[in-house]
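Structural features, examined
One-letter residues, chain by chain:
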Amino acid sequence: MRFKLGSVALVLLSSAAPAWAQGTPPPADATAADDGNEIIVLAQRRAERLQDVPISVVVQSGEQLETAGVDNLRDLGAVTPGLTFQAQGNFVQPALRGITTLVTGPGSDNPIALYIDGVYEGTQAGASIDLPDVERIEVSKGPQGTLFGRNSTGGAIQIFTKTPSFTPTGSISATAGLYDGSGSSRSSYDLGVKGYVSGPIVADKIAASLSFAYRNVDGYSTNIVYDSLPTAIQNAYGSDRMDWLKSVTLRGKLLFTPTENVSVLLSGYYMHRKSDHGSAGLPVGGLTAGAFYPDAVFGTRPFEYAYDAPDPLTEIKNYGGALKIDIDTGAGTLTSTTSYTLSRHRERVDVDASYSPQCLAAAPMTFACIAFADTQPNDNFLQDILFTSEQMGRVKFVVGGNFFSSNGDLSGVISDFSGGAQPGAPTVIYNPLLIATTRVKTRAYGIFAQADIDLTDQLTLTTGLRYSYEKKKGYITFFGSPFTNFANPSWDSFTPRVGLRYALDGRSNIYATFSKGFKSGILPILTIGDPVNPEKITAYEVGYKTAQPSYSLNLAAFFYDYKDLQIQSFTGTTIIPTNAASARIFGVEFDGTVDLGSSLSARGGVTWMPKADFRSFPNAAGYQPVITAGGLPPVVADVSGQRLVRAPKVSAVASVTYTGRVGGGDLTITPSVHYSSKYLPYDAFDLLVQGAYARVATEIAYKPDNSGLRLALWVHNLTNAKSFSSTTISAGAARATYEEPREFGITVGYDF
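Residues numbered from 1 in each chain as written. Predicted model: local features only at pLDDT ≥ 70, side-chain atom pairs only at ≥ 80, totals over all residues. Heavy atoms only, no water.

Turning next to the overall build of the protein. Across its full length, the protein carries four helices and 43 strands. Relative to the compact-globule value of 27 Å for 752 residues, the protein shows a C-alpha radius of gyration of 26 Å, a close match. Its C-alpha atoms give the protein principal-axis dimensions of about 75 × 70 × 50 Å. Across the 752 residues that make up the protein, the buried fraction comes to 58%. Across the protein, the fraction of contacts at a sequence separation of at least 24, relative to all contacts at a separation of at least 6, is 70%. Within the structure as shown, the protein displays about 26,900 Å² of accessible surface, and the carbon and sulfur contribution to it stands at 60%. The distance from the centre of the 59 positive side-chain charges to the centre of the 67 negative ones in the protein is 4 Å. (Helix = DSSP H or I, 4+ residues; strand = E, 2+ residues; numbered from the N terminus. Rg over C-alpha atoms; globule rule 2.2 N^0.38 Å. Buried < 20%, exposed > 50% of the residue type's maximum accessible area, 1.4 Å probe, protein only. Contact = heavy atoms within 4.5 Å. Areas by Shrake-Rupley, 256 points an atom, 1.4 Å probe, with all protein chains shown as cover. Lys, Arg positive; Asp, Glu negative; His and termini not counted. Charge placed at Lys NZ, Arg CZ, Asp CG, Glu CD.)

All right, on to the packing of aromatic side chains then. Inspection of the entire model under this criterion finds 21 aromatic pairs. Between Y179 and Y220 the ring centres are 4.8 Å apart and the planes differ by 45°, which places this aromatic pair in the tilted class. Pair noted here: Y179 is in strand β11 (residues 169–180) and Y220 is in the loop between β13 (206–217) and β14 (221–223), with a separation of 41 residues, a long-range link. Comparing Y179 with Y220, the two get one shared label, buried. Measuring from ring centre to ring centre gives 5.2 Å for F403 and Y445, while their planes differ by 45°; the resulting arrangement is tilted. Here Y445 lies in strand β24 (residues 434–454) and F403 lies in strand β23 (residues 395–414), a separation of 42 residues in the sequence. The rings of Y179, Y220, F303, F724 and Y738 are connected pair by pair, giving a single aromatic cluster. Cation over ring: R97 sits above F558, and NZ or CZ is 3.9 Å from the ring centre. Stacked on the ring of F483, the Lys or Arg R439 has its end atom at 4.3 Å from the ring centre. (Phe/Tyr/Trp six-rings, centres within 6.5 Å; stacked < 30°, edge-to-face > 60°. Lys NZ or Arg CZ within 6 Å of the ring centre and 35° of its normal.)

A word on the state of the cysteines. Across all of its chains, the model carries one disulfide by this definition. Linked covalently through their sulfurs, C359 and C369 form a disulfide whose S-S length is 1.9 Å. Measuring handedness by torsion sign, the sulfur bridge of C359 and C369 sits at about 90° and is right-handed. Linking C359 in helix α4 (residues 357–366) with C369 in the loop between α4 and β22 (371–389), this pair joins segments that are 10 residues apart in sequence. Across this residue pair, the class does not change: C359 and C369 are buried. (Disulfide = S-S within 2.5 Å.)

There is a patch of nonpolar side chains on the surface, built from Y551, V594, L596, L600, V656 and Y658 and spanning about 470 Å² of accessible area. Here V656 is to be found in strand β37 (residues 650–661). (Patch = residues over 30% accessible without salt bridge, like charges linked within 9 Å, V, L, I, M, F, W, Y side chains within 5 Å. Salt bridge = Lys/Arg side-chain N within 4 Å of Asp/Glu carboxyl O.)

Mean pLDDT over the protein works out to 90, with 94% of the residues at or above the 70 mark. Considering only residues more than four positions removed or in separate chains, one finds that residues 1–35, a stretch of pLDDT under 50, has 106 contacts. (pLDDT = per-residue confidence, 0-100.)

Below, the discussion takes up unusual backbone geometry. The residue after A309, namely P310, is reached through a cis peptide bond having omega -5°. Note on placement: P310 falls in the loop between β19 (304–305) and β20 (313–328). Of note, the bond from Q422 into P423 is cis; its omega dihedral lies within 30 degrees of zero at 5°. Locating P423 in the fold gives a position in the loop between β23 and β24. Positive phi, normally seen in glycine, also occurs at D243, with a value near 60°. According to the relative accessible area criterion, D243 is buried, its value standing at 2%.

Next up on the list: a positive patch on the surface. Taken together, the side chains of K516, K536, K563 and R615 make up a positively charged region of the molecular surface. Along the chain, K563 falls in strand β30 (residues 551–563). Given the relative accessible area of 44%, K563 is considered partly exposed.

Okay, the nonpolar core next. In this structure, Y237, L565, I585, F614, L644 and L687 are the most contacted members of the largest nonpolar core, which totals 51 residues. Those residues within four positions of L565 in sequence are excluded, and the remaining contacts are E535, T578, N579, A580, S582, A583, F614 and L644. (Core = buried A, V, L, I, M, F, W, Y, C linked by side-chain atoms within 4.5 Å.)

A few words on the pairing of strand β4 (residues 56–61). Within β4, five of the six residues are buried, which leaves the element mostly enclosed by the surrounding structure. Both β4 and strand β9 (residues 134–141) contribute to a ladder of six bridges, which runs antiparallel. Its bridge partner lying in β9, V59 is registered against E138. (Pairing = 2+ DSSP bridges.)

To continue, consider the pairing of strand β2 (residues 38–41). As paired elements, β2 and strand β3 (residues 48–49) share two bridges and run antiparallel to each other. Bridge pairing links I40 to R49 in β3. Between the end of β2 and the start of β3, which pair antiparallel, lie six residues, with R45 showing a positive phi angle near 65°.

Secondary-structure assignment places D204 in the loop between β12 (187–202) and β13. For D204, a relative accessible area of 59% puts it in the exposed group. Between the C-alpha atom of D204 and that of I137, which follows or precedes it by 67 residues, the distance is 28 Å.

The next subject is the environment of L709. Within the secondary structure, L709 is located in strand β40 (residues 709–716). For the pair L709 and G749, spaced 40 residues apart in sequence, the C-alpha separation works out to 5.8 Å. Setting aside chain neighbours within four positions, we find L709 in contact with Y702, K703, P704, V748, G749 and Y750.

What follows is about the sheet that holds strand β7 (residues 112–116). Read across the sheet, five strands follow the order β4-β9-β10-β7-β8 without closing on themselves; strand pairing throughout is mixed. Looking at which strands have only one partner, the edges of the open sheet turn out to be β4 and β8 (119–120). Inspection of the sheet shows β9 paired to strand β10 (residues 155–161) by seven bridges, in the antiparallel sense. Within β10, the residue paired with V134 across the bridge is T161.

Hydrogen bonds between backbone groups are what pair the strands of a sheet, and the pairing can be parallel or antiparallel. Across the sheet, which stays open at both edges, the three strands sit in the order β15-β14-β19 with mixed pairing between neighbours. With partners counted over all chains shown, the strands left at the sheet margins are β15 (241–242) and β19, one partner each. Here two bridges tie β14 to β15, and the two strands are oriented antiparallel to one another. Along β15, the bridge assignment pairs T222 with R241.

Here you go:
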């Protein structure tokens, strides 16, 4: 490995095509700007006009996100065509242009890489974050294997939070929402507050910032078995309210600029999110093992759940810090980023999503109705070094390297009823069916480079290459025995990128790109098995971009050749990943903005994927829609030609904003809609199908002149559309949790 890394380093550093490191933040002086319809982005790790970037990129400012009601990363799909968010309990899994993952557990990263202020977030649960101080979010579509490295086969999401200011500034807002109890949901409050403050500590030398967010949801769903149970068991449940939430986020930054050429940014954050959303579920179509037993009770409508044990819970604690140093050398910027993050996640799941003490009592023989509890500690360390050049004649480049280390555990306990099956069936008593811990250690290295070469005044060649090497070690223990090392795989990969961009004029470009991506291999969880090979993707894209004074337009067509897809089957006790053979994806998309007059503007986008199918997958594992004493029977079938999961043919977003003068202030009205055609949310066997839906939202805001005050009335999910937020299929059930029902609310904010 040492020889390979050294050899590649010499080749890259001696060429005119250097590269960016995974997790590397943008240059210190690079900020996003919006010059009319000319938007400045950092999708290629340097400040460039959006129309000059030969990548499909969707950009949302913090203000636009607030207007659309996007206050958590999982809501980002409402404003980004082609992006779908699904989850399995704590594990949040975005899908972009049909690229996603179904695999959970330590070492199982998303193929849509997530960066927060340039720091790679290596856990799936880390994607469930609130957004109290966001400057903007950039979603880069397609493989980013050269610029971002491993685990970006589908794209990259970059979140940029506000940088400390040497001018005192701040904001605070309070929100009161009400779920109105429409349909089968119930009325519930939704309270929140968030704020941001920044200013100098030493003039022109040291500045600091602090942001926070808090949210409390009472619960808009119902435990339907609660009222029929004895008082003692009701007391053990505590309440019949479900889909409750408590969340707090804190972020602090300290900026030090000792000279004009040097800046040092120290940042730290803490997030604690606690809920039962995603761990409570509805057995869609009555597909639960509990249905075989006479005493079973289970929900039949969205927002109606039943469970016996355990008490559903998803809890996430994330915290960490980063140190970023930028040095302007005159020829370019040298950047070092060092980060350390920790996460502590736990969940408790009633796998069969039903209330049936009889089924629980039979579980030692059937393994059908079981209670799954797990804890997932994880720590990540990242070190990046890179150099970003200034324009040198007809060439500009970036070159760098990185080291990433991750240590993660998943400790699972199946049906520990030694003290009774709490809270719903205390008379069912037996010892745990399984106690196991899987430990995965990951070490990853990368060196990479990318250069833009102006062949003529209109024609620019982009060329880049990355070499990745990583090693994983898997350990497992059962019932407290010593850890056993069961796997030590390693993989390496070259991921190139080549593109041509032709400037039609000063505001318009056409482009064509070829790129490859690499998603790291994975290990089975809570069982001993063979490693699963990395996913690899080869992508081709052509596009057109323009930014005119009154409108902007971005068009793209893309084709993906997708190999060794990592697919997961969940038995209810173990997580077994495998490689599907191959898939192909083809699609076209557009997004843009238009000014319709002095008071009216619109923006929108559509992704159309007529083809996103398994090209070959002859031995897919799934479950049959049949109820037996042992739950849903397993099945192995050829699903070649079946649609990929989380790949709707059509995904569209649109909004219109009216701005007018009313009584000495500005009134804005912004209706918006997010549409998705039907798709398979979990596997290719049609047990769960998300039907087509449209979620409509509207905000009416008023801002008086010469005041930082802003008042907003809003409604989310006006049509009360039903869409899945979390799905899991196992022998126990085909289980789903739904996105939030209709909600009305008011937000009062003040900027100072």
